[in-house]
Amino acid sequence: MARRDIQLDEEGRLRHFLTIEGLDQPLLTEILDKAEGFIGVSQQAIKKVPLCRGKIITNLFFETSTRTRTTFELAAKRLSADVLSLNISTSATTKGETLLDTLRNLEAMHCDMFVVRHADSGAAHFIAQHSAPHVSVINAGDGRHAHPTQAMLDMLTIRRIKGEFVKLRVAIVGDILNSRVARSQIHALNTLGTSEVRVIAPYTLLPAESRSLGVHVYHDLQEGIRDVDVVIMLRLQRERMRGAMLPSEHEYFQLYGLTEQRLRAAKPDVIVMHPGPINRGVEMDSQVADGPRSVILQQVSHGIAVRMAVMSMCIGTQNARIARREASVSGLNP
Amino acid sequence: MTNASSISIQNGRLVDPANGIDEPRDLHIAAGKVLATGSPPEGFQPDLRIDASGQVVCPGLVDLCARLREPGEEHKATIASESAAAAGAGITTLCCPPDTDPIVDTPAVAELIRRKALQAGLARVLPMGALTRGLKGEQLSEMAALKQAGCHVMSNGARPLHSTLVERRALEYATTFGLTCFLNPEDLSLRDQGCAHEGAVGCRLGLPGIPVAAETVAVARDLALIEQTRASIHFRGLSTAAAVRMLRRAHKEQLRVTADVSAHQLHLTEMDLDGFNSNCHVEPPLRSLTDRDALRQALADGVISAVCSDHQPHEPDAKQAPFPATAPGISALETLLPLTLKLVSEGVMPMADALARLTIGPARILGLEVGRLNVGNTADVCVFDPNRTWRLDPEKMLSQGHNTPFAGWEFSARVTCTLLAGRVVYRQPDR
C-alpha cells in the first residue's frame, strides 16, 4: 500500500494491530519471539508481569465471543492491566448511540487500549482512525476481513512444532469466503515465507479472486492435503446451509470432513489445527480432533501469549511516545 | 442576482455540440432566450456584458440524476442548498429520483418539489415519477397524472422491481404516455448483502461482494422486456464492461435504449477502497480498471450518451461508521464538469464531445429542448475557465453534503458564470 500504514508509528513500531497485511517479516517474527517469552509466564507461580501496570484495556465486543474475549482478558490481566469487558450488542448502537459516540465516552474514561470485535469488515480500522492518539486498537475480528491475533497464535503453534516456515506446505480447509481467520492466516503464512499455501473448498465457499491472495486452490480434500505439513480446518457456520452455499452437513463431511483415513495422504508428521469451536462430525471427526496430530489445545494456550505480546508491544509504543513528549516538554529533546 | 433582461457574453469560445459550433463567438440573450450568436442584431444594447475572454461558453449542463433530499431528508440537504450548488457547478437542469419521503408517486409531491425549486430559482428541477406506487414494485403509479404534474420520466429509483411481470406492465403502461423509464440495473438477489465489487480488493478487505452479474442479469432482463414491449428505457449508471457490450449489441438491434454513467465511475476503481475509504462507498460499486476503461471508451464512442453526477449529499455521520454500515453515495454536483473535462486532458475524448455528454446527450434522453443554444431556445448557459487549476476542498463546497472522495484532487476547469433562462444565477465571487 502506498499510504502509510496506520498500524505503525513514525519509527515503524506497532501502534495498532488491525491486520497482518502491510506488516513485514521482522515485525511478525518479533511478535512471535515476544510471545515465546510470555509462554513461561503462565507456568510461573505468580502468573503476572508488570508491563501494562496502570493501563486500562477495554474489550469492546460488538459480536458475541467467549473464547477470544476470555483469552484477551487473561492476557491483559497477566500484563497487570486493569480490564473492562463490554458486550455491546449491535442493537444497542442502532438504538441511537453511534459507534463514535460510544468511543468518545470510553476515551473520556482514559482507556489506553481497545480490543475490538465487530461484525463489519473494516470496523477496527474505523475505530483506529477515529480514536485519540493515546489509544491503541487491537482487532479481535472484523467481519470477513481480519483476525490477526488468531493468525499469529496459529503461526506460533506452527513455529514451535515445525521450526522454519520456508519448507512448509500448509492447507486451509473450509469456508474461506466468510473467514477472517483464513485471510489473516494466508497473509501471515506468505509473509513468513511458507513454501506453499493451499486452500481447499467448493466454489461456493471461495472468494471470486481467491488466487489473488497468494494461494493454490483445490476442490478435492484428498488431493489438497497430499504431502502437507500442516492442515488448518475452519469452522463451518450452520447458516451456510440456509444461504444455499452447501446442501447439507452430511455431504460436507463426506467431501471435506477430516478423518484419520484421509489424513494419511498428508506427511506422516502432519499437525492438525482448528480455531475452535469445533463441530465434531462436520469439519473433522473426534478421532482426529482428540488424536495425536491435533494441536488444538496448544493453540488456545498460545493465544494468551500472543495477545500478551501484541498488547505489550502497542503499550510500549505508547510509552515511548509519552516519554518523547515529556522529554520535549522538559527541554531535553529540542 | 442580476436582473438584466438582456445580456451579451463576449470574447468567449462558444461550444454548442448540438449545433456543431466550437469557435470564438459571442452569445446574445434577451427575454430569457437565445437571441443570436456571433454579431449582435442591429441596435442591440445589452443591459449586461460579460467578458468571457479565455473562457468556454456552453449550454447549461443537464444532470440526469441528483438527489436533493427534499422532502424528507432535509438534514442531508435541501432543494435550495443543492440548487445553489448546481448553479455554482454550471448545472441548470437536474432530474431528481422519486425516492424522497414521501415518494414522488402522487402529483402533489411532484408539485411540491417543483414549487420549492421555483422559489429557490437557481436550477430547473425535474422530479422523476415513481414507476410503482411507493416504489414497492407491486402496483403501477398514476403515471398519466404524474406526467401532467411535470414528471418527464419514470423511475423506481435504486429500488429493484422484484417481479418481472410488474416490470413488463409498468414499461408498457409508461409507453402508452410516451414516458421513458429510467432503470437502475441491479439484480437484488445476486447483490445480496454486498457493498463492494466482487474482485481482488473486496476479497482482500473481506467486504461482501456485488458480482458483475448483478448488473448484467438485470440488463439482460430489461433488454428482453423492451424487445417485447417496445418501451423506451434508459439505464441509469452502468458500471461494468459486460453491460457495455450488451448495450452495444442492443444498439445494433436498434432497441430503444440509452445509458449514462456516473462521473466517479470514469475515474475511480476498486483500488480506491483501500483503507476502507467510506467516501468510495457507492452503488453500483467501483469496479475494476478494465470496467472503467470500457466505460470511458463507450462514452467516447457515444454508446453511453450522458455523464451524470449521481449526486447524493450526506450529513457527516452517514459516512462515520465501518465501511459496510455507511450510506453509499457522493456529493457530486461540483465535480461533474471537472471530472468530465479531466477525460479531455487525459486524451479520452475532445472537449466538444465531453460537453455533449453533459448537455445535448442527456437533454435528448429527457426529450427536452434544453442543452443547446439554438436561437429562440431558453438561455441556460454555463461559462467556465478551462485553464484555471484549483484544488477541491470539501469545506468550501456549496452543497450541504461534503462527502467526496475527490478531496485534494486538482482540476483544470472552473465555472465562472451560470445563466438560467437568461438570468445570472451564479457568478464566481473572486472575479
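The structure presented is a predicted model; accordingly, all values stated were derived computationally and were not measured.

### Here's the deal with the overall build of chain B
Now for step 1: Helix and strand counts for chain B come out as 12 helices and 23 strands.
Now for step 2: A compact globule built from 431 residues should have a C-alpha radius of gyration of about 22 Å, and chain B, at 21 Å, falls within 12% of that.
Now for step 3: Along the first, second and third principal axes, the C-alpha set of chain B runs to 65 × 50 × 45 Å.
Now for step 4: Out of the 431 residues in chain B, the part that is buried amounts to 63%.
Now for step 5: In chain B, the proportion of contacts linking residues at least 24 apart, taken out of those at least 6 apart, comes to 74%.
Now for step 6: Accessible surface, chain B: about 15,700 Å² in total, of which carbon and sulfur atoms supply 48%.

### Side note on the pattern of salt bridges
Now for step 1: Scanning the model with the defined rule gives 39 salt bridges over all chains in all.
Now for step 2: For Arg198 of chain A, the salt bridge is made with Glu196 of chain A, and the minimal N-O distance between the two is 2.9 Å. The exposure classification of Arg198 of chain A matches that of Glu196 of chain A, with both residues buried.
Now for step 3: Taking the shortest distance from any N to any O, the salt bridge between Lys76 of chain B and Glu315 of chain B comes out at 2.7 Å.

### Comments concerning the domain arrangement of chain A
Residues and elements named next belong to chain A.
Now for step 1: For chain A, the assigned domains are domain 1 (4-146 + 300-318) and domain 2 (148-298).
Now for step 2: Taken together, the contact between domain 1 and domain 2 spans 35 residues of the former and 28 residues of the latter.
Now for step 3: The three residues of domain 1 that bury the most area against domain 2 are Leu32, Arg144 and His302, which together make up 26% of that side's buried surface.
Now for step 4: Summed over the shared surface of domain 1 and domain 2, the number is four salt bridges.
Now for step 5: Here Arg180 and Glu63 are joined by a salt bridge, their closest N and O atoms 3.0 Å apart.
Now for step 6: Where domain 1 packs against domain 2, one counts 16 residue pairs in polar contact (both at pLDDT 80 or more).
Now for step 7: Only helix 1 (25-39), helix 2 (67-78), strand 3 (113-118), strand 4 (136-142) and helix 13 (296-329) provide two or more residues apiece to the side of domain 1 that touches domain 2.

### Concerning the state of the cysteines
Now for step 1: Under the criterion given, the structure shown has zero disulfides over all chains.
Now for step 2: Free of any disulfide, Cys111 of chain A has its nearest cysteine sulfur in Cys52 of chain A, 14 Å distant.
Now for step 3: Under the relative-accessibility criterion, Cys111 of chain A is labelled buried at 0%.
Now for step 4: The thiol of Cys58 of chain B is unpaired, and the distance to the nearest cysteine sulfur, on Cys382 of chain B, comes to 4.1 Å.
Now for step 5: With relative accessibility at 0%, the residue Cys58 of chain B sits in the buried group.

### A few points about the side chain of Thr68 of chain A
Now for step 1: Looking at where Thr68 of chain A falls in the secondary structure, it is placed in helix 2.
Now for step 2: If we ignore the near neighbours within four places in the chain, the residues touching Thr68 of chain A are Phe61, Arg117, Ala140, His147 and Arg307 of chain A.

### What to know about the sheet that holds strand 11 (residues 129-130) of chain B
Residue and element names in this part refer to chain B.
Now for step 1: Reading across from one edge, 11-12-13-16-17-18 is the order of the six strands in this open sheet, with parallel pairing throughout. Since the sheet does not close on itself, it has two edges, and those belong to strand 11 and strand 18 (306-308), each with one partner.
Now for step 2: As paired strands, strand 17 (residues 257-262) and strand 18 are joined by three bridges and run parallel to one another. The residue bridging Val261 from the neighbouring strand is Val307, located in strand 18.
Now for step 3: Against the sheet, helix 7 (residues 212-229) engages strand 13 (180-183), strand 16 (233-235) and strand 17, with an angle of about 165° to strand 16.

### Here's the deal with the environment of Ala36 of chain B
Residue and element names in this part refer to chain B.
Now for step 1: Following the sequence through the fold, Ala36 ends up in strand 5 (residues 33-37).
Now for step 2: Here the alpha-carbon distance between Ala36 and Val219, two residues 183 residues apart in the chain, equals 43 Å.
Now for step 3: Discounting residues that sit within four places of it in the chain, Ala36 has contacts with Asp26, Leu27, His28, Pro41 and Val375.

### Let's talk about the side chain of Asp187 of chain B
Residue and element names in this part refer to chain B.
Now for step 1: Relative to the elements of secondary structure, Asp187 occurs in the loop between strand 13 and helix 5 (188-191).
Now for step 2: Salt bridges are absent for the buried Asp187, whose nearest opposite-charge side chain, Arg221, sits at 4.8 Å.
Now for step 3: Here Leu190 takes part through its backbone nitrogen, which lies 3.0 Å from a polar atom of the side chain of Asp187.
Now for step 4: Once residues within four sequence positions are removed from consideration, Asp187 is found in contact with Ala214, Val217 and Ala218.

### Quick notes on the interface of chain B and chain A
Now for step 1: Counting from both sides, the interface comprises 19 residues of chain B and, opposite them, 24 residues of chain A.
Now for step 2: Interface area, chain B with chain A, both sides summed: about 1,700 Å², of which 61% is carbon and sulfur.
Now for step 3: Seen at the junction of chain B and chain A, the total is one salt bridge.
Now for step 4: Note that Glu21 of chain A and Arg204 of chain B form a salt bridge whose closest N and O atoms lie 2.3 Å from each other.
Now for step 5: Joining chain B to chain A, the criterion identifies four residue pairs in polar contact (both at pLDDT 80 or more).
Now for step 6: Taken together, the residues that form the side of chain B that touches chain A break down as 11 nonpolar, five polar and three charged.

### Things to note about helix 4 (residues 164-176) of chain B
Residue and element names in this part refer to chain B.
Now for step 1: Compared with an ideal rise of 1.5 Å per residue, which puts 13 residues at 18 Å, helix 4 spans 19 Å between its outermost C-alpha atoms and is within 8% of the ideal.
Now for step 2: The set of residues buried in helix 4 consists of Val166, Glu167, Ala170, Leu171 and Ala174. Projected down its long axis, helix 4 shows its buried positions confined to an angular sector of 135°, all on one face.
Now for step 3: Next to the buried residues of helix 4 lie helix 3 (143-148), strand 13, helix 7 and strand 16.
Now for step 4: Structurally, the start of helix 4 carries an N-cap: the backbone nitrogen of Leu165 is 3.1 Å from a side-chain oxygen of Ser163.
Now for step 5: The first or second residue beyond helix 4 is Gly178, which carries a positive phi of 65°.

### Quick notes on the environment of Glu107 of chain A
Residue and element names in this part refer to chain A.
Now for step 1: Structurally, the position occupied by Glu107 is in helix 4 (residues 99-108).
Now for step 2: Separated by 28 residues in sequence, Glu107 and Val135 place their C-alpha atoms 7.9 Å apart.
Now for step 3: With sequence-adjacent residues up to four places away left out, Glu107 is seen in contact with Phe114, His130, Ser131, Ala132 and Val135.
Now for step 4: From its side chain, Glu107 meets the backbone nitrogen of Ala132 in a polar contact 2.8 Å long.

### Looking at the pairing of strand 9 (residues 91-96) of chain B
Residues and elements named next belong to chain B.
Now for step 1: The buried count for strand 9 comes to six of six residues, which makes it a mostly enclosed element.
Now for step 2: Summarising the sheet, strand 8 (residues 61-63) and strand 9 pair through three bridges and their orientation is parallel. Pairing of Val62 across the sheet is with Thr93, part of strand 9.
Now for step 3: Handedness of the strand 8-helix 1 (residues 79-88)-strand 9 crossover: right-handed.
Now for step 4: Bridge analysis of strand 9 against strand 10 (residues 124-127) gives four bridges, and the strand direction is parallel. If you follow Cys95 over to strand 10, its bridge partner there is Leu126.

### Some points on the packing of aromatic side chains
Residue and element names in this part refer to chain B.
Now for step 1: Evaluated as defined, the whole model comprises five aromatic pairs over all chains.
Now for step 2: Measuring from centroid to centroid gives 5.0 Å for Tyr173 and Phe177, while their planes differ by 75°, and the two rings are edge-to-face.
Now for step 3: In this structure Tyr173 comes out as partly exposed when scored by relative accessible area, which is 31%.
Now for step 4: These aromatic residues form a ring-pair network of at least three members: Trp390, Phe406, Trp409 and Phe411.

Calculation rules
- Residues numbered from 1 in each chain as written.
- Chains lettered and ligands numbered in written order.
- Predicted model: local features only at pLDDT ≥ 70, side-chain atom pairs only at ≥ 80, totals over all residues.
- Heavy atoms only, no water.
- Helix = DSSP H or I, 4+ residues; strand = E, 2+ residues; numbered from the N terminus.
- Rg over C-alpha atoms; globule rule 2.2 N^0.38 Å.
- Buried < 20%, exposed > 50% of the residue type's maximum accessible area, 1.4 Å probe, protein only.
- Contact = heavy atoms within 4.5 Å.
- Areas by Shrake-Rupley, 256 points an atom, 1.4 Å probe, with all protein chains shown as cover.
- Salt bridge = Lys/Arg side-chain N within 4 Å of Asp/Glu carboxyl O.
- Domains from an automatic or database assignment.
- Buried area = accessible area lost by both parts, 1.4 Å probe.
- Polar contact = N/O pair within 3.5 Å; in protein donor to acceptor, adjacent residues only side chain to side chain.
- Disulfide = S-S within 2.5 Å.
- Pairing = 2+ DSSP bridges.
- Axes fitted to C-alpha atoms, helices over the stretch in contact; angles between N-to-C directions.
- Lys, Arg positive; Asp, Glu negative; His and termini not counted.
- Nonpolar A, V, L, I, M, F, W, Y, C, P; charged D, E, K, R; others polar.
- Expected span 1.5 Å × (residues − 1).
- Arc of directions from axis to C-beta.
- Right-handed = clockwise from strand over helix to strand, strands pointing away.
- Phe/Tyr/Trp six-rings, centres within 6.5 Å; stacked < 30°, edge-to-face > 60°.

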